[in-house]
Amino acid sequence: MTIDRELIKQAIKQAMSDRPFLLLAILIIALSFIYSIAIALTVHSSDVTLYSRYTAFGEAHFYKNHWQYLLNFVAFGPIVGLTHCVLMVKLYSMERRQTALLVGWLGVTIITIAFVYSTSVIGLGYAA
């Protein structure tokens, strides 16, 4: 399977000609990097171990992890932002503009919820 670079460039150029689509893609990328920077500035090294929950077949198990586990939240932002933008361009090239815009707004929602969730989890480690 070969990647046709011209086809990819054409799909991106076609999608970026739509102004509301372009503004939503810029919003997603900006929010994802703002999220990552804000979370990266919030995470501090400490000796406090964090409880992480693992659920298997109805039982909840708690494990202790070190503070480096919180760096996964920093990587989550760009992954979500770039994935949603790529999916939006793909849907737009398939002439599914409304679905692409819906995926974009869902990406904004996911990043917003992730920010609230991440700040509350990071705050747990420093409350003690």
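Let me sum up the structure you'll find in this document. Sequence order as written defines residue numbering, which begins from 1 separately in each chain. The predicted origin of the model limits local features to residues at a pLDDT of at least 70 and limits the giving and counting of side-chain atom pairs to 80 or more, whereas totals for whole chains, interfaces and linings rest on all residues. The basis for every side-chain value is the complete set of non-hydrogen atoms in the structure, without hydrogens or water.

**Some remarks on the layout of surface pockets**
And then number 1: Approximately 310 Å³ is the volume found for the largest pocket.
And then number 2: If you trace the largest pocket, you find 14 residues lining it, with Ile8, Ala11, Val86, Val89 and Lys90 closest to the centre.
And then number 3: Note on conventions: DSSP H or I runs of at least 4 residues are helices, E runs of at least 2 residues are strands, and numbering of each starts at the N terminus. Listing elements by their share of the lining of the largest pocket, those giving two or more residues are helix H1 (5-16) and helix H3 (71-93).
And then number 4: When residues of the lining of the largest pocket are assigned to their parent elements, the largest contribution, six residues, is made by H3.
And then number 5: Here the lining of the largest pocket is composed, by residue class, of 11 nonpolar, one polar and two charged. A 1.4 Å probe that fits but cannot get out identifies a cavity on a 1 Å grid over protein atoms alone, an open set with protein on both sides within 12 Å along at least five of seven lines counts as a pocket, and a residue lines either if it has an atom within 4 Å of a point. Grid points are joined across faces, edges and corners, and a volume is the space filled by probe spheres set on the points. Ten residues, namely Ala, Val, Leu, Ile, Met, Phe, Trp, Tyr, Cys and Pro, are considered nonpolar, four, namely Asp, Glu, Lys and Arg, are considered charged, and the remaining ones, Gly among them, are considered polar.

**So, the environment of Phe21**
And then number 1: Along the chain, Phe21 falls in helix H2 (residues 19-42).
And then number 2: For Phe21, a relative accessible area of 1% puts it in the buried group.
And then number 3: In this description, contact between two residues means that some pair of their heavy atoms is separated by no more than 4.5 Å. Apart from the residues lying within four places of it in its own chain, the contact partners of Phe21 are Ala15, Met16, Met88, Val89, Tyr92, Ala100 and Leu101. Per-residue accessibility, obtained with a 1.4 Å probe over protein chains only, is compared with the maximum for each type, and a residue is labelled buried under 20%, exposed over 50%, and partly exposed between these values.

**Here's the deal with the nonpolar core**
And then number 1: Here the nonpolar core consists of buried residues drawn from Ala, Val, Leu, Ile, Met, Phe, Trp, Tyr and Cys, with membership extended through side-chain atoms lying within 4.5 Å. Core analysis: the largest hydrophobic core is formed by 26 residues, its most contacted members being Phe21, Ile28, Ile39 and Met88.
And then number 2: Put simply, the parts of the chain that give this core at least two residues each are H1, H2, H3 and helix H4 (97-126).

**Details of the side chain of His84**
And then number 1: Considering the arrangement of structural elements, one finds His84 in helix H3.
And then number 2: Polar contacts involving the side chain of His84 include one to the main-chain carbonyl oxygen of Val80, which spans 2.9 Å.
And then number 3: Once residues lying within four places of it in the same chain are set aside, the contact partners of His84 are Val103, Leu106, Gly107 and Ile110. The definition of a polar contact used here is a pair of N or O atoms within 3.5 Å, where within protein one atom must be able to donate a hydrogen and the other to accept one, and adjacent residues in sequence count solely through side-chain atom pairs.

**What to know about the packing of H2 against H3**
And then number 1: For helices, the axis comes from a line fit to the C-alpha atoms of the stretch in contact; other axes are also lines fit to C-alpha atoms, and the angle between any two N-to-C directions lies between 0 and 180 degrees. Running from amino to carboxyl end, H2 crosses H3 at an angle of 170°, the nearest separation of the two axes being 7 Å. In terms of orientation, H2 and H3 fall into the roughly antiparallel class. From H2, Phe21, Leu24, Ala25, Ile28, Ile29, Ser32, Phe33, Tyr35, Ser36, Ile39 and Ala40 reach across to H3, where they touch Phe73, Val74, Phe76, Gly77, Pro78, Gly81, Leu82, Cys85, Met88, Val89 and Tyr92.
And then number 2: Within the contact of H2 with H3, the residues separate by chemical class into 18 nonpolar, four polar and no charged. Oblique is the label for every angle not falling under 35 degrees (roughly parallel), over 145 degrees (roughly antiparallel), or within 65 to 115 degrees (roughly perpendicular).

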